[in-house]
Amino acid sequence: MADDAGLSKLMRDRYDAWFSAVEKGDLDGLAALIHEDFHYVDIFGEVRGKDAYLEMVRDIPTGEIAMSMVDVEAVGHGSLVLATGMYTVAGALASGRDISSRTRFTATWAEKA
């Protein structure tokens, strides 16, 4: 599968918006980016739906986290986009749980209806 440069830029822009919303504590902006059927497996192996993910983000002290996309490549499959890449996180939850990581990911995105 060849990378689609236009889709890769679109995915980088979406992840940049996602990370910016998390860093700023903008839960409304973040909620608008992710689908109601969103599912996320975090670095600890915990699976979260949209509400649980937003609750976790709520526990991040505003301005106390840094997130950065290292690399993202995307390939279209009909109305879906398969994105793979790596990102870094530096920070901790208000509870003290360190969520710093360098994470390789695979994600499937679909346009909202």
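The structure this text deals with has already been given above.
First, a word on scope: everything that follows refers to the structure included in this document. Just so we're clear, the structure is a prediction, and the values are computed from it rather than from any experiment.

## So, the overall build of the protein chain
Stage number 1. Counting its regular elements, the protein chain contains 3 helices and 5 strands.
Stage number 2. For the protein chain, the residues scored as buried account for 37% of the 113 residues in total.
Stage number 3. The contacts of the protein chain with a sequence gap of at least 6 include a subset with a gap of at least 24, amounting to 57%.
Stage number 4. In the structure as shown, the protein chain presents an accessible area of about 6,500 Å², 53% of it carried by carbon and sulfur atoms.
Stage number 5. Across the protein chain, 11 positive and 19 negative side-chain charges occur, with their mean positions spaced 2 Å apart.

## A word on the layout of surface pockets
Stage number 1. Each pocket or cavity is described by its volume, and for the largest pocket that value is around 710 Å³.
Stage number 2. As for the largest pocket, its lining consists of 28 residues, of which Phe38, His39, Ala107, Thr108 and Trp109 are closest to the centre.
Stage number 3. Those elements giving two or more residues to the lining of the largest pocket turn out to be helix H1 (5-24), helix H2 (27-33), strand E1 (39-41) and strand E5 (101-110).
Stage number 4. In terms of residues, the lining of the largest pocket owes the most to one element, E5, which gives 8 residues.
Stage number 5. Split by residue class, the lining of the largest pocket holds 17 nonpolar, 5 polar and 6 charged.

## Re the pairing of strand E4 (residues 80-91)
Stage number 1. Of the strand pairs in this sheet, strand E3 (residues 65-77) and E4 are connected by 12 bridges, and their pairing is antiparallel. Each residue of the ladder has a partner; that of Val75, found in E4, is Leu82.
Stage number 2. Counting the residues that bridge the hairpin from E3 to E4 gives 2 residues, and of these Gly78 lies at a positive phi of roughly 65°.
Stage number 3. As paired strands, E4 and E5 are joined by 10 bridges and run antiparallel to one another. Each bridged residue has a counterpart across the sheet, and for Leu80 the counterpart in E5 is Ala110.

## Quick look at empty space enclosed by the protein
Stage number 1. Counting across every chain of the model gives 1 cavity of 30 Å³ or more.
Stage number 2. Looking at the largest cavity, its volume works out to about 170 Å³.
Stage number 3. Along the walls of the largest cavity sit 16 residues, with Tyr40, Met56, Tyr87, Val89 and Ile99 positioned nearest its centre.
Stage number 4. Among the elements of the structure, helix H3 (50-58), E3, E4 and E5 are those that each provide at least two residues to the lining of the largest cavity.
Stage number 5. Counting residues per element, the lining of the largest cavity draws most heavily on H3, at 3 residues.
Stage number 6. Broken down by class, the residue content of the lining of the largest cavity amounts to 13 nonpolar, 2 polar and 1 charged.

Calculation rules
- Residues numbered from 1 in each chain as written.
- Predicted model: local features only at pLDDT ≥ 70, side-chain atom pairs only at ≥ 80, totals over all residues.
- Heavy atoms only, no water.
- Helix = DSSP H or I, 4+ residues; strand = E, 2+ residues; numbered from the N terminus.
- Buried < 20%, exposed > 50% of the residue type's maximum accessible area, 1.4 Å probe, protein only.
- Contact = heavy atoms within 4.5 Å.
- Areas by Shrake-Rupley, 256 points an atom, 1.4 Å probe, with all protein chains shown as cover.
- Lys, Arg positive; Asp, Glu negative; His and termini not counted.
- Charge placed at Lys NZ, Arg CZ, Asp CG, Glu CD.
- 1 Å grid on protein atoms, 1.4 Å probe; cavity = no way out; pocket = protein on both sides within 12 Å on 5 of 7 lines; lining within 4 Å.
- Points joined across faces, edges and corners; volume = space filled by probe spheres on them.
- Nonpolar A, V, L, I, M, F, W, Y, C, P; charged D, E, K, R; others polar.
- Pairing = 2+ DSSP bridges.

The quantities given are spatial measurements derived from coordinates; they are silent on function.
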